[in-house]
Structures are given as structure tokens and as C-alpha cells.
Amino acid sequence: MPAYAWLVLFILSLGSIVSYIDRQIINLLVEPIKLDLGVNDTEIGLLQGFSFALFYAVLALPLARMADTGNRVRVISFGILCWSLATFGCGLASSFALLFIARVFVGVGEATLAPSGYSLLPDYFPKSRASIAISIFTGSGFIGSGLAYIIGGRVVTALNAIGSLRLPLIGELHPWQMAFVCAAAPGIVLLLLMLLVKEPPRSNTANVDATQADESRLSAVIVHLRVHPRLFTGLFIGLSMVAAGSFAINTWTPTFLIRVYGWSPADVGLVFGSLVVVASAGGVFTGGAVATALMRRNVSSANLLVPLVSALAAIPLAIAFPLMPTATLSLTVLAPALFLSAVPFGCGTAVFPLVSPNRIRAQIVAIYLLLANIVGFTLGPTSIGMLTDFVYRRPDLIGYSLATSPPLFFLLGAGLLGWAIAPYRSLMGPSSGVTPAH
């Protein structure tokens, strides 16, 4: 079973990579979309983020309940089909409204894959390895984000060289539309790989009452949250704030490099994409490994201490990188900023399946993802667009927007995570297999 567990982790991680490619490809297409559809930076920010949050607000919890009560593998497969079709639909969009609607349904990838994946992995891995397994799963998304830039930059450049194409039954498509069509193709391979994944028996890892662990109704979720209000408020909002800062940097840095330093999409894709793969994914994996090592040394609050410290350390770097006089200096400062801002997405999110009963585990994760997407994907990217449009009032001053918004989100997130440490340490007591630090 251990070898098969790693196979499942590989397939789920590949799914995360593909979903991030479909999601992030738009960040290389900002300028041609603005030109063809006549939109501003604020509307681009809505396409990058709020469209995902809108989907979460409507369907994230029902889909998570399906994962808690039914076959999680089928839920994930359904999500893959939907987000792949929606990405293809983005390529057919001819207006802001149509592209927005298509982007809403791309969000089904997050709404199905992440909650079900977080729920599946603790049933395949022992508790001692759950954090590192979830960190790998989460970190794979950053690999997908980087590959979206690396591969997407080359594809966009090639498509721009070709120009518009006329496809049978579809008609003429601009290069940015063809980029979406190409991004949808890997979903077919992923669906075939999901046939290898089996639904495992459910286990219960949370230190909670057994009768509650058997409940999968929303009422059980509400009871669990009300029993631990400070813990989940700090976790939900704190991690969402860190996510907002990280998403703002990741979504707008490509446009920043193009506008301020005159880079081409291909150059941005190769360099920034490589940084995301190495630094962001490395941050997630390192955070999970460090937290796991600290927990083995009886530091029960490691899954919150590590994200807290990393968020604080990222603040000065987030302020500095968009204000550097050259692209080389900017990217040199950006690399550690990406690393530190990604740390919470592994060890921090690993907290949720550890403190939640199995039968409500996916719903708890879905609530976090709903908030992380509403707060993170809406406030993060949109705040940059609004600052550029209405405060600094010049597209080429986007660097000032990047130096303003993410550091504030990191500071707020760190404060809330610190507030959640005491109740988390109390819950993760001796009966959970982890001895609290003294």
C-alpha cells in the first residue's frame, strides 16, 4: 500500500499542476485581452480572482459534502472534466462577460480537487507523514503555476507569430484564445489517470468525540466550528490573508515585468515561471518538512509557527522587489519573497484534516478554500488593479501597487495565525499522538 499511496499522491499532484496551468495562463495574456475586449486592470483582476471566488461561494460546500459522504475520486474526476471544458470555453469567449462566466467554471478545479484531495491523503498516509504528503500535494500547484508561465510563455509567443487561426466549426480565434484551447488539452490525460485511483476506507485522525466524527451533516460542521471558534477564525482568516498577498504577487508580477522592464511574454514565462517552480514550490515543501521535523521534537504548534514566521519574514522583501531599479535586482529579491510567502500553503493548510473529523474533513477544507478564494483571489489581485487604476492612476506604476498591498496582507495574516496558536496547541494534545511544547 505505501507504493500505491505515493502513486495516488503523484496523480493528485499532477491534477493540481494541470488545474494551475488552466488557471494561471491568463496572467500572461493580460495585455492582448485588454486590447481585444477593452477592459481595465480592475476588470482583469476580477477575471484573475473574483471569478473563482464566485464559484466557491455557490458550489464549494455542496461539492465538499459530496466528498464527505460519497466517492471522493468521482468528485475529483467530475471536477477535472468541468474545468477542462471551461478552459476550452475561455478560448471561445468574445466579451468580458463570456470570459468571466467561463473563468467561474474553471474554478471547479479548486472546488473539487483540493477538498477531496485533502480528505483522501490522510486515509492513505499515517499521521506522521500527513503534513509532508499534503505539502507535496499543495506544492505541486506552484509547480503547475510555474509551468503555466514557462510553457505558456513559449506557446503564447509561438501563437503570436502564427497570428489568428480559423478552426472548423468554431471560426477565427486570436492567439490569446488559442492559448486557452491548448491549456485545456492535458485534462484528457488526467481523466484517464484518475481511473487508477481507488476510493480508500475512511479513517479518523482528529482528537474529537467519536459520535461527532460519524456525522457528515452541515450541523456537525457548525458544531465543530463553534467548539473551536478562536482556532478556526485564526486559521481561516489568517491563512486567507497570507493567500491574498501571495496571489497578488503571483498574478501581477508577469504584467509588472512586461510593463516596467519591457520583457516579452516568453522571457517572463521562462524566468518568472522558473522562480515559481523553484522558490514557491520549494517554500511549500520546505515548510512541510520543517513543521514535520519540529512536531517530531514535540513542538505541537509547528504547523502554525512556521507559517507565522515566514509571513513576517516575507514583508520587507515584498515591499522591496517591485521598487528595484533593474529587473535583475527585482527578481533577486523576489525569489526569497516567493519562497517565504508559499510556506503557509503546505504546513498551514495541513492543519485542517488534523483537527477535523473524517466525515466533515472535506467540508472544513472547503470552508477554508471558500474564504481563501473570496479573500485571497478577490482582494489580492483586485487590490492591485484598483490601486493602479484609482490611486496611482498610471499602468506603469503597478510596482507601487505591488509594494503596498501584499505586505499588509502578510502582516494581518501573521497576527491572526499567532492568535490561533494557543487553541491549536490545546487541541493537538497527548491523545492526538503529539506532545505539546512547553
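Details of the structure are given in the entry above.
Note that the structure is a prediction, hence the values are computed from the model and not measured.

Caption draft 1: Structural view of the overall build of the protein. In terms of helices and strands, the protein carries 19 helices and two strands. For 438 residues, the compact-globule estimate of 2.2 N^0.38 gives 22 Å, and the protein sits close to it at 21 Å. Scored against the burial criterion, the 438 residues of the protein give a buried share of 60%. For the protein, the exposed area adds up to about 15900 Å²; of that, 70% sits on carbon and sulfur atoms. Each charge class in the protein was averaged separately, 23 positive and 16 negative side chains, and the resulting centres sit 10 Å apart.

Caption draft 2: Structural view of the packing of helix α13 (residues 265-296) against helix α15 (residues 327-342). For the pair α13 and α15, interaxial distance at closest approach is 7 Å and the crossing angle is 35°. Where α13 crosses over α15, the handedness of that crossing is right-handed. On the side of α13, the interface is formed by Val271, Phe272, Leu275, Val276, Ala279, Ser280, Gly282, Gly283, Val284 and Thr286, while α15 contributes Leu331, Leu334, Ala335, Leu338, Phe339 and Ala342.

Caption draft 3: Spatial organisation of helix α14 (residues 302-320). Spanning 19 residues, α14 covers 28 Å between terminal C-alpha atoms, matching the ideal 27 Å at 1.5 Å per step. Maximal helix bending in α14 amounts to about 30°, located at Ala314; proline Pro316 follows within four positions. Restricting attention to buried positions, one finds in α14 the residues Ala302, Asn303, Leu304, Val306, Pro307, Leu308, Ser310, Ala311, Ala314, Ile315 and Ala318.

Caption draft 4: Examining the packing of helix α12 (residues 229-261) against helix α18 (residues 358-391) more closely. For the pair α12 and α18, the least separation of the axes is 7 Å and the interaxial angle reads 40°. Regarding the angle of α12 to α18, the classification is oblique. Two packed elements cross with a definite hand, and for α12 against α18 that hand is right-handed. For the contact of α12 with α18, the class distribution of residues is 19 nonpolar, six polar and one charged.

Caption draft 5: Highlighting unusual backbone geometry. If you check the backbone angles, Arg393 has positive phi at about 65° while not being a glycine. If you trace the backbone, Arg393 turns up in the loop between α18 and α19 (398-427). Given the relative accessible area of 61%, Arg393 is considered exposed.

Caption draft 6: View of the packing of aromatic side chains. Throughout the structure, instances matching the rule amount to eleven aromatic pairs. Seen from their ring centres, Phe96 and Phe100 are 6.0 Å apart, and the 40° between their planes marks the pair as tilted. Taken together, the positions of Phe96 and Phe100, both in helix α5 (residues 96-106) and four residues apart, correspond to about one turn of that helix. A residue is classified by how much of its surface remains accessible, and Phe96, at 23% relative accessible area, is partly exposed. Between Phe256 and Tyr261, the aromatic rings sit 5.4 Å apart at their centres with planes inclined by 80°, giving edge-to-face as the arrangement. Take Phe256 and Tyr261: they sit in the same class, and that class is buried. An aromatic cluster is defined as three or more aromatic residues linked by ring pairs; in this entry it consists of Phe232, Phe236, Phe352 and Tyr368.

Caption draft 7: Summary view of a nonpolar patch on the surface. Together, Phe88, Leu92, Leu169 and Ile170 make up an exposed nonpolar region whose accessible area comes to about 410 Å². Tracing the sequence through the fold places Leu169 in the loop between β1 (165-167) and β2 (171-173). Judged by relative accessible area, Leu169 falls into the exposed class, the value being 93%.

Caption draft 8: Expanded view of the pattern of salt bridges. Evaluated as defined, the whole model comprises seven salt bridges. The closest approach of N and O atoms between Arg259 and Asp41, which form a salt bridge, is 2.6 Å. Residue Arg259 is found in helix α12, and its partner Asp41 is found in helix α3 (residues 41-69); the two are separated by 218 residues along the sequence. Note on accessibility: Arg259 and Asp41 belong to one class, buried. The partner of Glu199 in a salt bridge is Arg72, with the nearest N and O atoms 2.7 Å apart. Residue Glu199 is located in the loop between α9 (186-193) and α10 (210-213), and its partner Arg72 is located in helix α4 (residues 72-90); the two are separated by 127 residues in the primary sequence. Because the salt bridges share partners, they merge into one network encompassing Glu31, Lys34, Asp41 and Arg259.

Caption draft 9: How the structure looks around the environment of Ala350. Here Ala350 lies in the loop between α16 (344-347) and α17 (351-354). Given a relative accessible area of 1%, Ala350 falls into the buried group.

Caption draft 10: Seen up close, the state of the cysteines. Summed over all chains, the structure comprises zero disulfides. Of the cysteine sulfurs around Cys90, a residue in no disulfide, the closest is that of Cys82, at 13 Å. Overall, Cys90 belongs to the buried group, its relative accessible area being 0%.

Caption draft 11: Looking closely at the environment of Pro381. Its place among the elements puts Pro381 in helix α18. As a C-alpha pair, Pro381 and Val268 span 113 residues in sequence and 18 Å in three-dimensional space. Apart from the residues within four sequence positions on either side, Pro381 is in contact with Gly45, Gln48, Gly49, Phe247, Ala248, Thr251, Trp252 and Gly376.

Caption draft 12: Representation of the nonpolar core. Among the nonpolar cores identified, the biggest contains 116 residues, and Ile33, Leu99, Phe180 and Phe352 are the most heavily contacted of them. Looking at this core element by element, the count peaks at 14 residues for α12. The contacts of Phe352, once residues within four sequence positions are left out, are Phe232, Leu235, Phe236, Leu239, Ile364, Val365 and Tyr368. One finds Met295, Val299, Ala302 and Val343 within the second-largest nonpolar core, a separate group that totals seven residues.

Caption draft 13: Region of the structure containing the side chain of Asn303. Inspection of the secondary structure assignment puts Asn303 in helix α14. A distance of 3.4 Å separates a polar atom in the side chain of Asn303 from a polar atom in the side chain of Tyr424.

Caption draft 14: Region of the structure containing the side chain of Ser330. Tracing the backbone through its elements, the reader meets Ser330 in helix α15. Taking the relative accessible area as the measure of exposure, Ser330 reaches 1% and is therefore buried. Not counting the four nearest positions on each side in its chain, Ser330 is found in contact with Phe256, Tyr261, Phe321 and Met324.

Conventions we followed
- Sequence order as written defines the numbering, with residues in each chain counted from 1.
- Confidence filtering applies because this is a predicted model: local features only for residues at pLDDT of at least 70, side-chain atom pairs given and counted only at 80 or more, and all residues used for totals across whole chains, interfaces and linings.
- Each side-chain value is derived from all of the structure's non-hydrogen atoms; neither hydrogens nor water enter the calculation.
- Helix and strand definitions follow DSSP, with helices as H or I runs of at least four residues and strands as E runs of at least two, each counted in order from the N terminus.
- Put simply, the radius of gyration uses C-alpha atoms, and a globule should come to 2.2 Å times the residue count raised to 0.38.
- The classification of residues rests on relative accessible area computed with a 1.4 Å probe and restricted to protein chains. Under 20% of the type maximum is buried, over 50% is exposed, and intermediate values are partly exposed.
- Values of accessible area rely on a 1.4 Å probe in the Shrake-Rupley scheme; residue burial ignores everything except the protein chains shown.
- Only four residue types enter the tally: Lys and Arg on the positive side, Asp and Glu on the negative side, with His and both chain ends excluded.
- The atoms used to mark charge sites are NZ of Lys, CZ of Arg, CG of Asp and CD of Glu.
- A fitted line through C-alpha atoms serves as each axis, taken over the contacting stretch for helices, and the angle formed by two N-to-C directions is quoted from 0 to 180°.
- Crossing handedness is defined as follows: a turn of the near helix away from the far one that is anticlockwise and smaller than a right angle gives a left-handed crossing, while the clockwise case is right-handed.
- Throughout, a residue-residue contact means that at least one pair of heavy atoms, one from each residue, lies within 4.5 Å.
- What a helix should span is 1.5 Å times the count of its residues minus one.
- The term bend refers to the angle at a residue between two fitted axes, each drawn through seven residues, those ending there and those starting there.
- An angle below 35 degrees is treated as roughly parallel, one above 145 as roughly antiparallel, one from 65 to 115 as roughly perpendicular, and anything else as oblique.
- Amino acid classes used here: Ala, Val, Leu, Ile, Met, Phe, Trp, Tyr, Cys and Pro are nonpolar; Asp, Glu, Lys and Arg are charged; the rest, including Gly, are polar.
- Between rings of Phe, Tyr and Trp, where Trp is taken as its six-membered ring, a pair exists when centres lie within 6.5 Å; planes separated by under 30 degrees are stacked, by over 60 edge-to-face, and by other angles tilted.
- Patch definition: residues above 30% relative accessible area lacking any salt bridge, with like charges linked at up to 9 Å and the nonpolar side chains Val, Leu, Ile, Met, Phe, Trp and Tyr linked at up to 5 Å.
- When a carboxyl oxygen of Asp or Glu lies within 4 Å of a side-chain nitrogen of Lys or Arg, that pair is called a salt bridge.
- Cysteine sulfur atoms are paired as a disulfide whenever they fall within 2.5 Å.
- Put simply, a nonpolar core is a bunch of buried Ala, Val, Leu, Ile, Met, Phe, Trp, Tyr and Cys residues held in one set by side-chain atoms that sit within 4.5 Å of each other.
- We define a polar contact as two N or O atoms separated by no more than 3.5 Å, with the added condition that, inside protein, one atom must be a possible hydrogen donor and the other a possible acceptor, whereas residues neighbouring each other in sequence contribute only through side-chain atom pairs.

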